[in-house]
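# Structural characterization, general
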Amino acid sequence: MSCITDMKTDDQTLNEAWIEDGVLTFTPMNRYDSYIYEQFECLDTVAAGYDYLSFNVKGPAAASVSIELQTVADCSAPDEYESTYYSVNGLTGELETANVPLDSWTGANLKGVIAVLWYGFTAGLYGNDTEWKLDNLQFLCATVPAPEDPVPTEPEDPEDPEDPEDPEVPGSPGATTVTSTVYVTLPGGDVSATTQVKTANAHFSTVEAAATATPMPVTENQVVARQESSPAQCTPMLIDDWASQSRLTFLYYNALLRSSSDDETMKSIVVSDNRVTFTPTDTDSYFYTQVGCINATEYGGVSLRISAPAGTTFDVQLSSTTGACGRETTTDSTLSTSQLGWTFNGQEKLYTIPFAKYRGVDWTKFEMLFITNLRRPVTFGPMALYCGDEVAEYVPPDVVEPTMPTETVPAPVSEATSLVIDQFGNPDENALNQWHGADEGMTLTFRRNTMTLQTNDADLMWVTQVAEKCRDLTEFDDSYLHIAYSGSNLFTVALQQHNEKCDNDIYPYPETWDSLEASRYSTESDIYIPLNHFNVDRTRSIGFAFKGFYSTTATVFSKIEIVSRVPSGFTIPEKIPSGQFIFACKRPNSFAFAIDDGDPVFAQQVMKTIDDAGITVTFFTVGAPLRDPTTNLSAIYNEMAAKGHQIALHSYTHPPMEGLPDDAAIDWEYQNDIEAVKETFNGLETKYFRPPFGTEGARMRQRLAALIEDPYIVQWSVDVEDWLWAETNTPEKQLAAFKRDVAAGGSITVMHYLYNSTVSYLEEFIQIAKATGKQLMRVDQCMMDPNAPPLPGEEA
């Protein structure tokens, strides 16, 4: 029997709270500060045989709540408590029972449980329901049968108290008596108190799919319990190696996958070669990086290399969590670089931030490092905690570029005549009197039969067409595309293929293209590419595209032509596999919903909509958030996979892949993403990848094909344009975009469950797709992949 005697709120953190019919009802003041805790005499749940913590909860639909379990080392001599955390996500909006296995609080001493605290009450799906209910807190044994309904416990019938086997009777096996006093500090300082006594039947029931208990709080403002380790086992801890621009400035993670950001106060943050350069907008610019309420008593400080101009000064603040880990309140201590004894001369040096110089910080709950009061650009190297007084720095491993094929192939002479495509005499059309032009954002300068092209965006392209619709270039299969140029050759050359009907009004248009790396086929002045290296249907050629630029150095083009031979001494490299680049389904009359990452708060609604529609879809997931337990994405996507949906790759930190500086950086993204998916989904290996932002080029395709045999690079032909309309005053334009692309024949979607409006339209999107008469399925199924699961009615 466990007796719970005291339930409180603290410091006016709730707007209001009351008990009615034995149920506590309340409205949080805000998501981060409001909490409720229930204390009781120290309980050895192991000796008592308890397996679960159970409670009834009602929150807004799709909301989540985090639960802190407070424990002491020994019930006989209770001392300072330790905290560990868990979250319940995807509430249904109705009163329901959540049963959480006690071993879910990883690292908690279950022989000394003294309190339970609820916090992090999220707004839910619509944001207009702020009422919460809690009831019937119990510790349960797994051997006790589940109740029929998760409803508030009614007052117990006092009749027949003599039967010791009646589980409804206090003191009988499996029963827990709860005596709760609720103290509510109301605005203005008044305190109300209500006491109730009730006996609850200890029972076991599985959690409904709509309210799953999963490790770690959802909000990134809540953190995992600090980890204890023996001083004898101390090893330096990397905080950030500045390995990825997008990890830092898109996902806002450090190397620990903890929150790290400038909150858009800096003029720029540039990551390169394991260094980060901060350029402040003004003295209000700042940068913080969290370590997660760790026990840092075994560490002596932080080491990092810094390069800054002479006379540079700034402040370094270290912070610890005040109270239990997971709360936002911190104790801060700040020292200037002068107080730390630092001076700069423009050269990179190793500096240390000794903890001994910082007063008032609780090193058992070290939370954050904060850089403020910057006046000039400053460059940091890798940042790490070092043990004791022995200063150590983190030295990144040497970058090893992947080995590329070096074999060459014969360069036969073609019998075809030459074809001059572009001599850049006209800004609007080429030598074939066909259109040529660029995406908005490229800088083009035409002068004396040359075109100078410059861009810092790998997603932009310039195209010169060989036909308004289709042109058969197979007569040139033994010939060479010749490009005369000067300047940078760090870009992609692609040959575009039209759709089957050569109809510009039917999607997709183009249907696909193959991309080759210009630098592999070039000298300092000429590029020669065999036409048969472009792995497309060349009977349906549209034109050539220059794209995937990953250098800001300009390129000057003077001629594009097809020639029958290459100069003497020019060698042709072998064709490197580049995967299948797809925009549409291959299976006749098929349609695939391909959905990119979103907000976990909408996951249950997305699942319910898809389940109700009776379809399966494909989810493209970013790897780093899968490894961050605070997102709960690993649990969400495992549930999706269990329902038959396809899980596919979407990079590790969501960068524009072709814009990365080198092959090693591209491989870092792929390899970490592949490993994260394997870890999360029981060894899953997938051939399907969607490039972040749709940014494609030769290098990212070649490297993916080097790591995964014959991969599918999946684009889309139906764009709901949620990125454009979802948060505007006209979100219904997402529906118009979907209808437009479906009507044009599109069959693979792109959408995100990031926005309430997009998710609310999902049911209608599905209805529109079904109305075409096409069968809805996963991407691998619509591509007729022999390794895809069979469709309903097909034999495995």
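As a reminder, the structure under discussion sits directly above these lines.
Here goes a summary of the coordinates provided. Given the structure is predicted, the values throughout are model-derived calculations rather than measurements.

## What to know about the overall build of the chain
Scanning the chain from N- to C-terminus turns up 11 helices and 47 strands. Here the analysis covers contacts within the chain between residues at least 6 apart in sequence; of these, 78% occur between residues at least 24 apart. Summing over all exposed atoms, the chain offers an accessible surface of approximately 33500 Å²; the carbon and sulfur share of this is 48%.

## What to know about the pattern of salt bridges
The full count for this structure, using the stated rule, is 25 salt bridges. Its salt-bridge partner being aspartate 240, residue arginine 247 comes within 2.9 Å of it at the nearest N-O pair. Aspartate 240 carries the same exposure label as arginine 247, and that label is buried. Here lysine 608 and aspartate 612 are joined by a salt bridge, their closest N and O atoms 2.9 Å apart. Of this pair, lysine 608 and aspartate 612 both sit in helix 3 (residues 603–613), separated by 4 residues, roughly a single helical turn. Overall, aspartate 612 belongs to the exposed group, its relative accessible area being 58%. Several salt bridges share partner residues, and in doing so they unite Asp514, Lys547, Lys575, Glu696 and Arg701 into one network.

## Here's the deal with the side chain of glutamine 70
In this fold, glutamine 70 is placed in strand 6 (residues 65–71). Relative accessible area serves as the criterion here: at 6%, glutamine 70 is assigned to the buried category. A distance of 3.0 Å separates the side chain of glutamine 70 from the side chain of glutamate 68, its partner in a polar contact. The contact partners of glutamine 70, leaving out residues within four places of it in the chain, are Tyr81, Glu82, Ser83, Gly112, Val113, Ile114, Ala115 and Leu117.

## Some remarks on the pairing of strand 42 (residues 646–649)
Residues Gln646 and Ala648 of strand 42 are buried on one face, and the alternating residues Ile647 and Leu649, pointing to the opposite face, are buried as well. As defined by bridge partners, strand 41 (residues 618–621) adjoins strand 42 across 4 bridges and the pair is classed as parallel. Bridge assignment links phenylalanine 619 to a residue of strand 42, and that residue is isoleucine 647.

## Re the packing of helix 3 against helix 10 (residues 756–771)
Put simply, helix 3 and helix 10 touch, their axes get as near as 9 Å, and they point 25° apart. Taken together, the axes of helix 3 and helix 10 lie roughly parallel to each other. Judged by the twist between their axes, the crossing of helix 3 over helix 10 is right-handed. Residues Gln605, Val606, Thr609, Ile610 and Ala613 of helix 3 form the contact with helix 10, whose participating residues are Val759, Ser760, Leu762, Glu763, Ile766 and Lys770. Residue classes in the contact of helix 3 with helix 10 are distributed as 6 nonpolar, 3 polar and 2 charged.

## Points about the sheet that holds strand 2 (residues 14–20)
Two modes of strand pairing occur in sheets, parallel and antiparallel, and in both the strands are linked by backbone hydrogen bonds. Spatial strand order, 2-3-10-5-8: 5 strands in an open sheet with antiparallel pairing. Among the strands making up the open sheet, the edge pair consists of strand 2 and strand 8 (96–101). Along the sheet, successive strands turn relative to each other by an average axial angle of 25°, direction set aside. Strand direction decides the pairing type here: strand 5 (residues 52–58) and strand 8, joined by 6 bridges, are antiparallel. Among the inter-strand pairings, serine 54 is bridged to a residue of strand 8, identified as asparagine 99.

## Concerning helix 10
The α-helix winds at 3.6 residues per turn, so residues separated by three or four positions along the chain end up facing the same way. With 16 residues, helix 10 extends 24 Å between its outermost C-alpha atoms, agreeing within 8% with the 22 Å of an ideal straight helix rising 1.5 Å per residue. Of all bends in helix 10, the biggest is about 40°, found at leucine 762. As for helix 10, its buried residues are in contact with strand 39 (590–592), helix 3, helix 8 (722–725), helix 9 (733–743), strand 46 (749–752) and strand 47 (775–777). Remark: glycine 773 follows helix 10 within two positions and exhibits a positive phi of approximately 85°.

## Things to note about helix 5 (residues 633–642)
Residues Leu633, Ile636, Tyr637, Glu639 and Met640 constitute the buried set of helix 5. For helix 5, the angular spread of the buried residues around the axis is 150°, confining them to a single face. Just downstream of helix 5 lies glycine 644, where phi reads positive at about 100°.

## Here we look at the environment of phenylalanine 534
Of note, phenylalanine 534 is situated in the loop between strand 34 (526–530) and strand 35 (541–547). Classification of phenylalanine 534 by relative accessible area gives buried; the value is 0%. Through-space distance from the C-alpha of phenylalanine 534 to that of lysine 575 is 8.7 Å; in sequence the pair is 41 residues apart. Non-local contacts of phenylalanine 534, meaning those with residues more than four positions away in its chain, are made with Leu481, Val493, Ala494, Leu495, Asp514, Leu516, Ile529 and Phe544.

Conventions we followed
- Residues numbered from 1 in each chain as written.
- Predicted model: local features only at pLDDT ≥ 70, side-chain atom pairs only at ≥ 80, totals over all residues.
- Heavy atoms only, no water.
- Helix = DSSP H or I, 4+ residues; strand = E, 2+ residues; numbered from the N terminus.
- Contact = heavy atoms within 4.5 Å.
- Areas by Shrake-Rupley, 256 points an atom, 1.4 Å probe, with all protein chains shown as cover.
- Salt bridge = Lys/Arg side-chain N within 4 Å of Asp/Glu carboxyl O.
- Buried < 20%, exposed > 50% of the residue type's maximum accessible area, 1.4 Å probe, protein only.
- Polar contact = N/O pair within 3.5 Å; in protein donor to acceptor, adjacent residues only side chain to side chain.
- Pairing = 2+ DSSP bridges.
- Axes fitted to C-alpha atoms, helices over the stretch in contact; angles between N-to-C directions.
- Parallel < 35°, antiparallel > 145°, perpendicular 65-115°, else oblique.
- Left-handed = near helix turned anticlockwise from the far one by under 90°.
- Nonpolar A, V, L, I, M, F, W, Y, C, P; charged D, E, K, R; others polar.
- Expected span 1.5 Å × (residues − 1).
- Bend = angle between axes of the 7 residues up to and from the residue.
- Arc of directions from axis to C-beta.

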